[in-house]
Amino acid sequence: MKGMMMHQPLLVSEILEFGAGAYPKAEIVSVRTEGDIHRETLVEFRERTIQLAHGLKAHGVELGDRVATLAWNGYRHMELYYAISGIGAVCHTINPRLSAEQMIYIVNHAEDKVLFLDTTFVPLIAAVKDHLPKDMTYVIMTDKAHMPDAPFEALCYEDLLEGQPTEIEWPLFDEETACGLCYTSGTTGNPKGALYSHRSTVLHGMMMSVMQTTTFNEGLSVLPVVPLFHVNAWGLPYSSLLSGMNMVMPGPALDGESLFKLMDQEKVFSAWGVPTIWQGLLGEIEKQGRKPEGFGDVVIGGSAAPRSMIEAFEKMDVSVGHAWGMTEMSPVGTHGIMPKWMENEPFDTRIDYKSKQGRRCFGVELKLVDEDGNRLPHDGKAVGELYVRGNTVVSGYFKNEEASAKALDSEGWFGTGDVATIDPNGFLSIQDRAKDLIKSGGEWISSIDLENIAMAHPAIAQAAAIGVAHPRWDERPILVAVAAEGAEKPDLDEVREHLSEHFAKWQLPDDVVWVDSIPLTATGKFSKLNLRKQLADYKHPELRETA
Ligand code: AMP
């Protein structure tokens, strides 16, 4: 027997209508590329988004067309999110840190019809334009007064809005219609496109506002440092409107000093981003001898949050939510909110738990399997490859049959490529990327664990652990490290001594290679691929001695 309830499609336009109707005074505050600060209420945001939607239609954008954005976090980028999806087109966010080759590939693969870009990216597009679709319309995201002298034909963003009506009848269509597209940077082969639907996006937005309870409070401000150009800024453009939070958009300057100043000025309560960003902010906090006013919550994800970082935030009464996810998961899969019973546990136990990647979000199922595909227990000990299933997980890749065929297992679960444990309390602990695990004498060593503990040493700012070839043990771990500013580099014995409290002797690195910086991927994670390339001529100390 079927239930007798209405069926309204879950559409992104309804989030906009809800936000502007329920929280008309909530604001989007943006640092503009023009240099000043811009503020708009959700009512103004809705009106401008509607004008933009009309402007897009006037320029021939139709249901299913792909419209690309190459932009920092700001109100115009937010307007694009809602206007493009609202009319049934697909918002394709491009990561400006991709190589020219990758950018050319994804714009052509997506068959983008229009490309919106911040003034900052005019030179970038000028350099690759000859390799992009010939009939592409370019729109520069600024007003007439600030239009740069671009070496290609381009429209002005504010011109698209000018004179357009501020009301619209949003079209209704199937909730499975695509609304967003984001390519994974991919370490091998070409980038692959995750094509989000209205349904998955609305569900993800709702799921986040329900799970991330420390953040989502009406009237408080949230700072997405995580970029709108990568996996929908972890869903914040949607969850913020659903919960009535003010959004504070940082624009291009993401250094510690700029972030501190903005957070202080706008009394940001919650800030979201990858660990490398927080290192800069923590440095500034130390310099100033205080945290920004009103700062009480930080969400860290994208790569493992080092224990020392979690400890530093918690000691200044900033609650850390350590989350895990993937582009293919919209992206959030687990969240780091602590269960109530944890409150009375000693500080160190709580930090241990916060160092894990948290518990699953509603609607995201997790399973661990061994190399033969057999399920492993969630006992906190069994280490296996992590598979996920749910309404916010991809079922394949955009226009890529080969990759789609490999994405799911025979039971329809998506293979994350992460290796993990899950404990009886439901806490996920990511041990490594499957291909980054170090296997010494048949035993696995977690590079993430080594890195985390190494970075707790006061003289080590950054550390990446990789396996290098060894004749007897197959692979042995070494540490590639960046010294903290002004610190004297500890020698290998001291580093091993520091690590030995947490690791067995055979798990300790055999060498420390000091570098000025560790290469990062386009999404701000350590690029083990480039690191390995950089160290192509590196030989294990024992091999050097016998050579
Ligand atoms: P991306 O699709 O670029 O967002 O990358 C997803 C991958 O980042 C995951 O499969 C993990 O390997 C890694 N990752 C994301 N969040 C975390 C986290 N909190 N801890 C460890 N690894 C993470």
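Analysis parameters
Just so you know, the residues in each chain are numbered from 1, in the order the chain's sequence is written. Under the rules for a predicted model, residues below a pLDDT of 70 receive no local features and side-chain atom pairs below 80 are neither given nor counted, while totals for whole chains, interfaces and linings still include all residues. The side-chain figures draw on all heavy atoms in the structure; neither hydrogens nor water molecules are used. UniProt positions are given in the numbering used here, feature names are shortened, and annotations may be inferred rather than shown by experiment. Throughout this description, the term nonpolar core refers to a set of buried Ala, Val, Leu, Ile, Met, Phe, Trp, Tyr and Cys residues connected via side-chain atoms within 4.5 Å. Buried, partly exposed and exposed residues are distinguished by accessible area as a fraction of the type maximum, computed with a 1.4 Å probe on protein chains only: under 20%, between the cut-offs, and over 50%, respectively. The way it works is that DSSP assigns letters per residue, a run of H or I at least four long becomes a helix, a run of E at least two long becomes a strand, and they are numbered from the N terminus. Segmentation into domains, and thus their bounds, comes from an automatic or database assignment. Residues count as neighbours in contact if any of their non-hydrogen atoms are within 4.5 Å of one another. Only heavy atoms are used to decide nearness, and a residue is near a molecule or strand if one of them lies within 4 Å of it. Counting of polar contacts relies on pairs of N or O atoms within 3.5 Å, with two restrictions inside protein: one atom must be capable of donating a hydrogen and the other of accepting it, and residues adjacent in sequence are counted only when both atoms are side-chain atoms. Here, Shrake-Rupley sampling with a 1.4 Å probe gives the accessible areas, and only protein chains in the shown set may cover a residue. Residues are grouped as follows: Ala, Val, Leu, Ile, Met, Phe, Trp, Tyr, Cys and Pro are nonpolar; Asp, Glu, Lys and Arg are charged; every other residue, Gly included, is polar. Buried surface area refers to the total accessible area, computed with a probe of radius 1.4 Å, that the two partners give up upon joining, counted for both partners together. Should a side-chain nitrogen of Lys or Arg be within 4 Å of a carboxyl oxygen of Asp or Glu, the pair is scored as a salt bridge. Stacked, edge-to-face and tilted labels apply to pairs of Phe, Tyr and Trp rings (six-membered ring for Trp) whose centres lie within 6.5 Å, assigned for plane angles under 30 degrees, over 60, and everything in between, in that order. Two conditions define a charge located above a ring, namely a distance within 6 Å from the ring centre to NZ of Lys or CZ of Arg, and an angle within 35 degrees of the ring normal. Here the rule is simple: two strands pair whenever DSSP picks up at least two bridges between them. Each axis is a line fitted through C-alpha atoms, and for a helix only the stretch in contact is used; angles between axes span 0 to 180 degrees, taken between their N-to-C directions.

- As annotated in an unreviewed UniProt entry, the chain carries the name Acyl-CoA synthase and comes from Pseudooceanicola batsensis.
- What UniProt records for the chain under Sequence similarities (unreviewed entry) is the sentence "Belongs to the ATP-dependent AMP-binding enzyme family."

1. Section: the nonpolar core
Taken as a class, soluble globular proteins show a tendency for nonpolar side chains to be buried jointly.
So, step 1. The biggest cluster of nonpolar side chains holds 109 residues, and the ones touching the most others in it are Tyr-82, Phe-116, Trp-278 and Phe-313.
So, step 2. It is helix α3 (residues 75–86) that provides the largest number of residues to this core, a total of seven residues.
So, step 3. Split by domain, the residues of this core number at least three in each of domain 1 (12–197) and domain 2 (359–433).
So, step 4. For Phe-116, the residues in contact, after removing those within four places along its chain, are Leu-52, Leu-56, Val-67, Ala-68, Thr-69, Leu-70, Leu-80, Val-139, Met-141, Tyr-157 and Leu-160.
So, step 5. Within the second largest apolar cluster, 28 residues are counted, among which are Ala-68, Met-103, Leu-132 and Tyr-138.

2. Observations regarding helix α9 (residues 256–266)
So, step 1. Among all positions of α9, only Gly-256, Leu-259, Phe-260, Leu-262, Met-263, Asp-264 and Glu-266 are buried.
So, step 2. Where α9 is buried, its residues meet β1 (27–31), β2 (37–41), β10 (221–224), β11 (246–249), β12 (270–273) and α10 (275–288).

3. Description of the site of the ligand
So, step 1. Near the ligand lie 14 residues; those nearest to it are Ala-323, Thr-327, Asp-418, Arg-433 and Lys-525.
So, step 2. Separating a nitrogen atom of the ligand from a backbone N or O atom of Ala-304 is a distance of 3.3 Å.
So, step 3. At a separation of 3.1 Å, a nitrogen atom of the ligand approaches a polar side-chain atom of His-322.
So, step 4. When the ligand sits alone it has 500 Å² of accessible area, and the protein chains cover 90% of it.
So, step 5. By residue class, the composition of the shell around the ligand is four nonpolar, seven polar and three charged.

4. A short note on the environment of Trp-514
So, step 1. With respect to the helices and strands, the residue Trp-514 is situated in strand β26 (residues 512–514).
So, step 2. Each C-alpha atom, one on Trp-514 and one on Ala-463, is 9.2 Å from the other, the two residues being 51 residues apart in sequence.
So, step 3. With residues near it in sequence (within four places) discarded, Trp-514 still touches Ile-460, Ala-481, Val-482, Ala-483, Lys-489 and Pro-490.

5. Some details on the domain arrangement of the chain
So, step 1. Here the domain parsing of the chain yields domain 1 (12–197), domain 2 (359–433) and domain 3 (438–546).
So, step 2. Centre-to-centre, using C-alpha coordinates, domain 1 lies 32 Å away from domain 2.
So, step 3. Facing 10 residues of domain 1, the contacting portion of domain 2 comprises seven residues.
So, step 4. Across the domain 1/domain 2 interface, buried area totals approximately 720 Å², and carbon plus sulfur atoms make up 63% of it.
So, step 5. Looking only at domain 1, the three residues that lose the most surface to domain 2 are His-109, Lys-192 and Gly-193, adding up to 55% of its buried area.
So, step 6. For the interface between domain 1 and domain 2, the tally reads one salt bridge.
So, step 7. Along the contact surface separating domain 1 from domain 2 lie three residue pairs in polar contact (both at pLDDT 80 or more).

6. Notes on the side chain of Ser-243
So, step 1. Checked against the element boundaries, Ser-243 lands in helix α8 (residues 236–243).
So, step 2. A polar side-chain atom of Ser-243 sits 2.8 Å from the main-chain carbonyl oxygen of Ser-239.
So, step 3. With residues up to four places along the chain from it excluded, the contact list for Ser-243 reads Tyr-23, Phe-216, Asn-217 and Glu-218.

7. Regarding the environment of Ala-304
So, step 1. Structurally, the position occupied by Ala-304 is in the loop between β13 (297–300) and α11 (307–315).
So, step 2. Overall, the relative accessible area of 19% leaves Ala-304 in the buried class.
So, step 3. Expressed as a C-alpha distance, the spacing of Ala-304 and Arg-375, which sit 71 residues apart in the sequence, is 25 Å.
So, step 4. If near-sequence neighbours (up to four positions away) are discounted, Ala-304 is found in contact with Pro-275, His-322, Gln-357, Ile-448 and Asn-452.

8. Looking at the pattern of salt bridges
So, step 1. This model, assessed by the stated rule, comprises 35 salt bridges.
So, step 2. The partner of Arg-290 in a salt bridge is Asp-264, with the nearest N and O atoms 2.7 Å apart. Taken together, the residues span a long stretch of sequence, with Arg-290 in the loop between α10 and β13 and Asp-264 in helix α9 at a distance of 26 residues.
So, step 3. Residue classification places Asp-264 among the buried positions, given a relative accessible area of 19%.
So, step 4. Glu-314 is the salt-bridge partner of Lys-354, the closest N and O atoms lying 2.7 Å from each other. Of this pair, Lys-354 sits in helix α12 (residues 347–355) while Glu-314 sits in helix α11, and the two are 40 residues apart along the sequence.
So, step 5. Taken together, the shared-partner salt bridges in this structure form one network comprising Arg-32, Glu-34, Asp-36, Glu-40, Arg-48, Arg-76, Glu-79 and Glu-158.

9. Quick notes on the packing of aromatic side chains
For any two aromatic rings, the description comes down to two numbers: the centre-to-centre distance and the angle of the planes.
So, step 1. Overall, the coordinates contain 14 aromatic pairs when judged by the stated rule.
So, step 2. Taken together, a centroid distance of 4.7 Å and an interplanar angle of 85 degrees make the contact between Tyr-353 and Phe-427 edge-to-face. Of the two residues, Tyr-353 sits in helix α12 while Phe-427 sits in the loop between β20 (414–422) and β21 (428–433), which places them 74 residues apart along the sequence.
So, step 3. With relative accessibility at 0%, the residue Phe-427 sits in the buried group.
So, step 4. Chaining the aromatic ring pairs together yields one cluster made of Phe-45, Tyr-81, Tyr-82 and Tyr-238.
So, step 5. Over the aromatic face of Tyr-387 sits the side chain of Lys-367, whose NZ or CZ is 5.6 Å from the ring centroid.

10. Regarding the sheet that holds strand β6 (residues 137–140)
Across a sheet, strands are paired by hydrogen bonds formed along the backbone, either parallel or antiparallel in direction.
So, step 1. Pairing is mixed in the open sheet, where seven strands are placed in the order β7-β6-β5-β3-β4-β8-β9. Because the sheet does not close on itself, it has two edges, and the strands there are β7 (155–156) and β9 (192–197).
So, step 2. Inspection of the sheet shows strand β4 (residues 90–93) paired to strand β8 (residues 178–184) by two bridges, in the parallel sense. Paired with Cys-91 across the strands is Gly-180, a residue of β8.
So, step 3. Each of β3 (66–70), β4, β5 (114–117) and β8 touches α3; the most contacted strand, β4, lies at about 145 degrees to it.

11. Details of the UniProt feature "domain: AMP-binding enzyme C-terminal" (unreviewed entry) in the chain
So, step 1. Per the UniProt record, "domain: AMP-binding enzyme C-terminal" (unreviewed entry) is found at residues 450–525.
So, step 2. Annotation note: span residues 450–525, helix share 18%, strand share 32%, distance between end C-alpha atoms 16 Å.

12. Some points on the sheet that holds β11
So, step 1. Pairing within the open sheet is mixed, and its seven strands lie in the order β2-β1-β11-β10-β12-β13-β14. The strands lining the two open edges of the sheet, one partner per strand, are β2 and β14 (319–322). On average, adjacent strands in this sheet sit at an angle of 15 degrees to one another, irrespective of strand direction.
So, step 2. The pairing of β10 with β12 spans three bridges and is parallel. Along β12, the bridge assignment pairs Val-222 with Ser-270.

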